[in-house]
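# Tertiary structure, described
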Amino acid sequence: MSFYGGIHPKDNKKSKYYRIENIAAPQFLYLYLQQHTGKISVPLVNVGDYVLRGQKIAEADGLISSTLHSPVSGKVKEIKEIMHPTLCKKSPAIIIENDGKNTSVEFIPKYKDYHRFPKDEIITYIKESGIVGLGGAMFPTHVKLNPPKDKIIDYVIANGCECEPYLTVDDRVMQEYYDEVIEGLKIVMYIVDAMKGIVVIEDNKKEAIYKIKQKIEKVPNVELKVVKTKYPQGAEKQLIKSVLNKEVPSGGLPMDVGVLVHNVSTLFAIYNCVIKGIPLMERVITLSGDISRIGNFIVPIGTSIKDIVRFLNIDIKGINKVIMGGPMMGVAQESLDVSVIKGTSGILFLKTNYDSNYFQCVRCGKCVSVCPMRLMPNFLSIYIEHKKWEKVKKYSLYDCIECGCCSYICIAKRPIVAQIKYAKEFLRSQN
Amino acid sequence: MQEEKIYLISPAPHIRATHSISTMMRDTIFALVPAGVGAVMFFGMYALIIIISSVIFCILFEILVNFLRKQKPTVFDLSCIITGILFAYTLPPKIPIWIVAVGCFVAIVFGKHFYGGLGHNPFNPALVGRAFIHIAFPQNMGDFSINGISSATPLTILKHFPQQVSDIPSIQTLIWGNYPGCIGETSVVLLLLGYLYLVIRKHINPFVPILYILTVGIFSAIIDIKNVLIYLFCGGIFLGGIFMITDPVTTPITPKGKIIFAIMCGLLTCTIRFWGSYPEGVCFSILFMNLLTPLIDEYTICKKFGHRKI
């Protein structure tokens, strides 16, 4: 069972043998108010306020928005606009000066026996804990957990594919926190009344498969599915196609076919929030690339790359590219002055060069044969270049999931997916 | 200090496959080498002169056009060299060099650059050149005599002199390639070596040539079961099937389109062979199907993910 297209890049998952380590909180933390898809959060603190670890410092604005918590105790130093790692523009952030005392608010595991509480209450609690999709899309989890009444969720899929090369976060989380992940899956299944939970892992993660398999033997209604290693196996729509052979309709959501997909790291965060009462303040990231100190680390949200480099003594001589996220969909950073956000799954330090020259399309058709959405990236690219927007729409611009397979495979080295992102942005600004 | 350094910004993805246009063209040239060696073996050193002069003329015309169009030199994408080699392979062994030059001019200037260069040409440039000199100099193009003894290609014998069928060499000879024909197309074995190389390097869809050859085989078997192997192993079936209907630029993009293209080419080739006035139909069938490529693409667009009606 698989989906159409896809590519097989070298996986480079060198860091998968490194246990998850802790990174101490730095002196200054930069917490962006936009750490999720949707409306920007509203700050609850003022400059000069003293905040505790785990204290809510920003409130969700509306339904599709999320809250934010301070990962350290200290003083709010400033609220100003700084460079955002994924929006690639300046965005407001709360800067907290760490006092090093780590004075914490009391985390009350109020919903430990979640079965005894109404679902709405747990969903509200998850919203208050600021949990968003940790796979990279950062969609607020509480919205996903609260589908319209007419949508019935049959399956909850725990996405442990992690198809991006280099990244090993989900792999490590499944190996070390399998109990928590499965418990998180059960919580989600309880909330949405799903009849079945499926953990999906790519077949290159043998250790994780082994651990999860042992764990779920005695768990009813949860099963394990091992899928082929292929990029983008972890993309929601492709995953559902691979596992359940269902196609999410164009413009629709997985809930339209009765499925809910959550990343395993998100499930781990849901576990921490519901069972332990700890809001989302830190996450596991992978550090990898052409550096000697690679590994997986628990990092407080808001730690800047510079502080991580300094703390771990990473030798960045010769590194000319720093990527937040995976090499296929991650964002290249101009400087080290950006911070980890909730959706950061890894930081890659690469020695590479990029040739921005590209050639005319020679119609080899490779992009068509790898596009997991079965689009015609070559025509999209050409029509975008010629600004023929009607044609661009006809070739289903909005169905593109921006996985980057077309750009990866293109022999003329055309930046197809970048053109598609540009077109989407351009057409949005037109309306 | 290191910290002030500005890092490289580029759009995702940050890793790329290693293939590029020039590696694809280079591999195609490598794949064409065995057939060239065969040409020299079977037809003597003059075949080598034809091939080399054809390549040189193509490069010269490419540079000339680059100069006239005031564009950056495009020689390094190596596509003009492939045009030169493919064009030379479709010529008879005694063709005068000045005709080669005319053909190269038509191929590069009319076949490729009039439409905007690599990627925009609707027709296979080598075949445009070949078709032009085929019509302009039929006398020279029909001359397959070796060492002063006039001889006809097996396909000409089958079409025009059926009483001389016994003159056609054995099937083993046809597969090996030592018989009158165009210099690069006679040896099935050596062309298949090129096919294997291209398939291993993943430059062509392995099924397209097979489909084309199968279509020709089945069609020929229906019409003339006795001589089906001669129809298959003679003429440009293998050269066209392996190197021309897999040309990326002039053939459909969609997987379904490629299949339709191959089958239609096979049918047309046989139609021209059996009922047309020429004994060989590979060149014209492919040119004609090139014309239909945009149409085929338009009607074979893959069904997009999630557009299926539930």
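Counting from 1, residues in each chain are numbered in the order their sequence is written. All chains are assigned letters beginning at A, and all ligands numbers beginning at 1, according to the order in which they are written. Local features in a predicted model are, by the rule used here, given only for residues with pLDDT of at least 70; side-chain atom pairs are given and counted only at 80 or more, and totals for whole chains, interfaces and linings are based on all residues. The side-chain quantities take in all heavy atoms of the structure and omit both hydrogens and water.

## Structural notes on the environment of I95(A)
Residue and element names in this part refer to chain A. This is how it is decided: The way it works is that DSSP assigns letters per residue, a run of H or I at least four long becomes a helix, a run of E at least two long becomes a strand, and they are numbered from the N terminus. Two residues qualify as a contact provided that any one of their heavy atoms is within 4.5 Å of a heavy atom in the partner residue.
Within the secondary structure, I95 sits in strand β8 (residues 90-98). As a C-alpha pair, I95 and I382 span 287 residues in sequence and 44 Å in three-dimensional space. Each residue touching I95, except ones within four places of it in the same chain, is listed here: F28, L29, Y30, K75, V76, K77, E78 and K80.

## Here's the deal with the confidence of the model for chain B
Basically, it comes down to this: A residue's pLDDT is simply how confident the predictor is in it, with values from 0 to 100.
In the predicted model, chain B carries a mean pLDDT of 90, and the fraction of residues at 70 or more is 96%. For this predicted complex, the interface score ipTM comes out at 0.88, while the overall pTM is 0.90.

## Some words on the domain arrangement of chain A
Residues and elements named next belong to chain A. Under the convention used in this document: Residue ranges labeled as domains rest on an automatic or database domain assignment. Buried area, as used here, totals the accessible surface that two parts lose on assembly, with accessibility defined by a 1.4 Å probe and the loss added over both. Throughout this description, the term salt bridge denotes a Lys or Arg side-chain nitrogen within 4 Å of a carboxyl oxygen of Asp or Glu. Think of a polar contact as two N or O atoms within 3.5 Å of one another; within protein, one of them needs to be a possible hydrogen donor and the other a possible acceptor, and neighboring residues in sequence only count if both atoms come from side chains. The residue classification treats Ala, Val, Leu, Ile, Met, Phe, Trp, Tyr, Cys and Pro as nonpolar and Asp, Glu, Lys and Arg as charged. All others, Gly included, are polar.
Domain boundaries in chain A define domain 1 (1-19 + 104-354) and domain 2 (366-430). One C-alpha centre belongs to domain 1, the other to domain 2, and the line joining them spans 27 Å. On the domain 2 side, the residues contacting the 18 residues of domain 1 number 16 residues. Buried area between domain 1 and domain 2, summed over both chains or domains, comes out near 1,200 Å², and the portion from carbon and sulfur atoms is 58%. Between domain 1 and domain 2 we count one salt bridge in total. Between R374 and E247 there is a salt bridge, with its nearest N and O atoms 3.0 Å apart. Put simply, domain 1 and domain 2 have six residue pairs in polar contact (both at pLDDT 80 or more) between them. Split into classes, the residues belonging to the side of domain 1 that touches domain 2 amount to 10 nonpolar, six polar and two charged.

## Here's the deal with the sheet that holds strand β12 (residues 259-263) of chain A
Strands belonging to one sheet form pairs held by backbone hydrogen bonds; the direction of such a pair is parallel or antiparallel. Residue and element names in this part refer to chain A. The criterion, for reference: If DSSP finds at least two bridges between two strands, the strands pair. For helices, the fitted axis covers only the stretch in contact; all axes are lines through C-alpha atoms, and the angles between them, taken along N-to-C directions, range from 0 to 180 degrees.
Strand order in the open sheet made by the four strands is β11-β10-β9-β12, with parallel pairing throughout. Each edge of the sheet is formed by a strand with only one pairing partner; in this case those strands are β11 (222-227) and β12. Ignoring which end each strand starts from, the neighbouring axes of this sheet average 25° apart. Examined bridge by bridge, strand β9 (residues 155-160) and β12 share five bridges and lie parallel to one another.

## Things to note about the pairing of β12(A)
The following threshold applies: Burial status follows relative accessibility: with a 1.4 Å probe on protein chains alone, a residue under 20% of its type maximum counts as buried, one over 50% as exposed, and anything between as partly exposed.
The buried count for β12(A) comes to five of five residues, which makes it a mostly enclosed element. Of the two faces of β12(A), the one lined by V259(A), V261(A) and N263(A) and the one lined by L260(A) and H262(A) are each fully buried.

## Some thoughts on the pairing of strand β5 (residues 56-59) of chain A
Residue and element names in this part refer to chain A. Two strands pair when backbone bridges link them, and strand β3 (residues 42-43) and β5 are joined in this way by two bridges, in the antiparallel orientation. What sits directly across from P43, in β5, is A58. As defined by bridge partners, β5 adjoins strand β6 (residues 68-69) across two bridges and the pair is classed as antiparallel. Within the sheet, the bridge partner assigned to A58 lies in β6 and is L68.

## A short note on the sheet that holds strand β15 (residues 321-324) of chain A
All names here are of chain A. Ordered by their spatial adjacency, six strands build an open sheet running β1-β14-β13-β17-β15-β16, and the pairing between neighbours is mixed. In this open sheet, the two strands that pair with only one neighbour each are β1 (20-22) and β16 (331-333). Taken pair by pair, the neighbouring strands of this sheet meet at an average axis angle of 30°, ignoring direction. Two elements, strand β13 (residues 282-289) and strand β14 (residues 295-300), share six bridges in a ladder whose sense is antiparallel. The residue of β14 that forms the bridge with I285 is F297. The strands that helix α3 (residues 169-176) touches are β1, β13 and β14; relative to β13, the one it contacts most, it runs at about 125°.

## Some remarks on the pattern of salt bridges
Summed over all chains, the structure comprises 26 salt bridges over all chains. The residue E385(A) makes a salt bridge to R414(A) at a minimum N-O spacing of 3.0 Å. Highlighted residues: E385(A) in helix α10 (residues 377-385) and R414(A) in the loop between α12 (405-409) and α13 (416-430), separated in sequence by 29 residues. By relative accessible area, E385(A) is classed as partly exposed at 31%. For R414(A), a relative accessible area of 2% puts it in the buried group. One salt bridge in this structure joins K394(A) and E298(B), with 3.1 Å as the shortest N-O distance. Within this pair, whereas K394(A) is found in helix α11 (residues 389-394), its partner E298(B) is found in helix α14 (residues 282-299), the two belonging to separate chains. Connected through shared salt-bridge partners, R19(A), R172(A) and E176(A) make up one network.

## Observations regarding the environment of V75(B)
All names here are of chain B. Note on placement: V75 falls in the loop between α2 (45-68) and α3 (79-89). Using a relative accessible area of 12% as the deciding quantity, one classes V75 as buried. For the pair V75 and I59, spaced 16 residues apart in sequence, the C-alpha to C-alpha distance is 6.6 Å.

## A closer look at the interface of chain B and chain A
The interface is formed by 45 residues belonging to chain B together with 66 residues belonging to chain A. For the pair chain B and chain A, the summed buried surface comes to about 4,800 Å²; carbon and sulfur atoms form 59% of the total. For chain B, the biggest contributors to the area lost against chain A are Y7(B), R16(B) and F305(B); these three give 19% of the whole. Joining chain B to chain A, the criterion identifies 25 residue pairs in polar contact (both at pLDDT 80 or more). Elements supplying a minimum of two residues to the side of chain B that touches chain A: α1 (21-43), α13 (255-275) and α14 of chain B. With three residues, α14(B) is the largest single contributor of residues to the side of chain B that touches chain A. Class assignment of the residues belonging to the side of chain B that touches chain A gives a composition of 21 nonpolar, 14 polar and 10 charged.

## Quick notes on helix α8 (residues 305-312) of chain A
Residue and element names in this part refer to chain A. Among the eight residues of α8, six are classified as buried, and the element is accordingly described as predominantly covered. Listed as buried for α8 are I305, K306, D307, I308, V309 and L312. Looking one or two residues past α8, N313 carries a phi angle of roughly 55°, positive in sign.

## A few points about the side chain of K127(A)
Residue and element names in this part refer to chain A. To keep things clear, this is the line we draw: When charges are tallied, Lys and Arg are placed among the positive residues and Asp and Glu among the negative ones, while His and the ends of the chain are skipped.
Mapped onto the secondary structure, K127 falls in helix α1 (residues 119-128). Despite its burial, K127 pairs with no opposite charge; the closest candidate is E128, at 5.9 Å N-O. Not counting residues up to four positions away in its chain, the partners in contact with K127 are A60, G62, L63, T67 and H142.

## With respect to the nonpolar core
Cut-off, in case you're wondering: Note on terminology: a nonpolar core comprises buried Ala, Val, Leu, Ile, Met, Phe, Trp, Tyr and Cys residues joined through side-chain atoms within 4.5 Å.
Counting residues in each nonpolar core, the largest one holds 123 residues, and the members touching the most others are Y212(B) and F243(B). Here the element with the most residues in this core is α1(B); it accounts for 10 residues. Two domains each provide a minimum of three residues to this core, namely domain 1 (1-19 + 104-354) and domain 2 (366-430) of chain A. With residues up to four places along the chain from it excluded, the contact list for F243(B) reads T28(B), A31(B), L32(B), L86(B), L191(B), G194(B), L198(B) and F238(B). Judged by nonpolar contacts, the second largest core, of 77 residues, contains I131(A), Y190(A), I270(A) and V340(A).

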